[in-house]
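Listed here are the chains, written in short residue letters.
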Amino acid sequence: NRWATDHFLVDGVCVKELLSREDGIDPAKITVVHLGVDPAAMRRDAAARARVRAEFALASDAVAIGNVGRLVPFKGQEYLLRAFALVAPAHPRARLVLVGDGELRDMLGRLAAELGVASSVVFAGFRDDLVAVYSAFDIYCHSSVEGGGETFPFAVLQALSQELPVAVTGVGDVAAMVEEGVNGHVVADRDPGALAAALRTLLEDPAATAVVRYAAIPARSRVVDE
């Protein structure tokens, strides 16, 4: 690739840095183009929200914290569960909805029970009705950890396109999507305490997060060309 490829398109600054550092690719030959979604295609749907929340047995006053992704180590749902366990005692209306399936499903179920939050956690399994599922959320949390190849995940873009406030870990290029204190909060990965603090901010004072329309987020949050 170093010698046979004229130019590279990658979906994250972290990938550009990796190619340059590990493979000796000239940075001038690498252009970053972040992924994107059509906000109109992800518009919140009130009817779908009611249907999915009923399916998940979420009360009308429940605050649903959503996470969408494979249940695999680098998606960090273990740390999200531990963070939720720190938040749940003071926020009995909070519910954690994990959407996806994978090798950690049984382990995460056991962990939820060990942490005493199993009754407040919904394991939704694989879903392909993502507009409806995101519509059921009130907050979105992305807990990925470094080392698994996370770059610019669609899951966070889809949450932002529905104007959900987000709490995310700063892995890959995820932080490029978030305006701190405007549409969400970025914390270190593998740190349940930090993630819990971000969730508390959103749960206790939603007005402190002035959620903006996805289209209004500065262009650098969506496409980077360097």
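This write-up is about the structure you can find in this document.

Basis of the calculations
- Residues numbered from 1 in each chain as written.
- Predicted model: local features only at pLDDT ≥ 70, side-chain atom pairs only at ≥ 80, totals over all residues.
- Heavy atoms only, no water.
- Phe/Tyr/Trp six-rings, centres within 6.5 Å; stacked < 30°, edge-to-face > 60°.
- Buried < 20%, exposed > 50% of the residue type's maximum accessible area, 1.4 Å probe, protein only.
- Axes fitted to C-alpha atoms, helices over the stretch in contact; angles between N-to-C directions.
- Helix = DSSP H or I, 4+ residues; strand = E, 2+ residues; numbered from the N terminus.
- Parallel < 35°, antiparallel > 145°, perpendicular 65-115°, else oblique.
- Left-handed = near helix turned anticlockwise from the far one by under 90°.
- Contact = heavy atoms within 4.5 Å.
- Nonpolar A, V, L, I, M, F, W, Y, C, P; charged D, E, K, R; others polar.
- Core = buried A, V, L, I, M, F, W, Y, C linked by side-chain atoms within 4.5 Å.
- Expected span 1.5 Å × (residues − 1).
- Arc of directions from axis to C-beta.

Considering the packing of aromatic side chains
Next, step 1: Taken as a whole and assessed by the stated rule, the structure comprises three aromatic pairs.
Next, step 2: Considering the side-chain rings of Tyr134 and Phe137, the 5.5 Å spacing of their centres and the 70 degrees angle between planes classify their relative orientation as edge-to-face. An identical accessibility class is assigned to Tyr134 and Phe137; each is buried.
Next, step 3: With a centroid separation of 5.8 Å and 35 degrees between ring planes, the pair formed by Tyr134 and Tyr140 is classed as tilted. Taken individually, Tyr134 and Tyr140 each receive the classification buried, so the pair is uniform in this respect.

Digging into the packing of helix α3 (residues 77-87) against helix α7 (residues 192-204)
For any two helices packed against each other, one specifies the inter-axial angle together with the distance between the axes.
Next, step 1: Packing of α3 against α7 leaves a shortest axis separation of 8 Å and a crossing angle of 55 degrees. What the angle tells us is that α3 and α7 run oblique. As for the relative orientation of α3 and α7, their crossing is right-handed in sense. Together, Tyr79, Leu80, Arg82, Ala83, Leu86 and Val87 of α3 and Pro192, Gly193, Leu195, Ala196, Leu199, Arg200 and Leu203 of α7 make up the contact between the two elements.
Next, step 2: Considering only residue class, the contact of α3 with α7 consists of ten nonpolar, one polar and two charged.

Comments concerning the nonpolar core
Next, step 1: With 32 residues, the main nonpolar core has Val97, Tyr134, Phe137 and Tyr140 as its most contacted residues.
Next, step 2: Looking at this core, the elements that each hand over two or more residues are α2 (46-55), β3 (63-68), β4 (94-99), β5 (121-125), α5 (130-135), α6 (154-161) and β7 (166-169).
Next, step 3: Looking at this core, the element that brings in the most residues is α6, giving five residues.
Next, step 4: Non-local contacts of Tyr134, meaning those with residues more than four positions away in its chain, are made with Met42, Arg44, Val68, Tyr140, Ala155, Gln158, Ala159, Gln162 and Leu164.

What about α7?
Next, step 1: If you check α7, its first and last C-alpha atoms are 18 Å apart, about what 13 residues at 1.5 Å a residue would give, namely 18 Å.
Next, step 2: For α7, every residue scored as buried is listed here: Pro192, Leu195, Ala196, Ala198, Leu199, Leu202 and Leu203. End-on view of α7: buried residues confined to an arc of 160 degrees, all on one side of the axis.
Next, step 3: Structurally, α7 contributes buried residues whose contacts are with β3, α3, β4, β6 (139-142), β7 and β8 (184-187).

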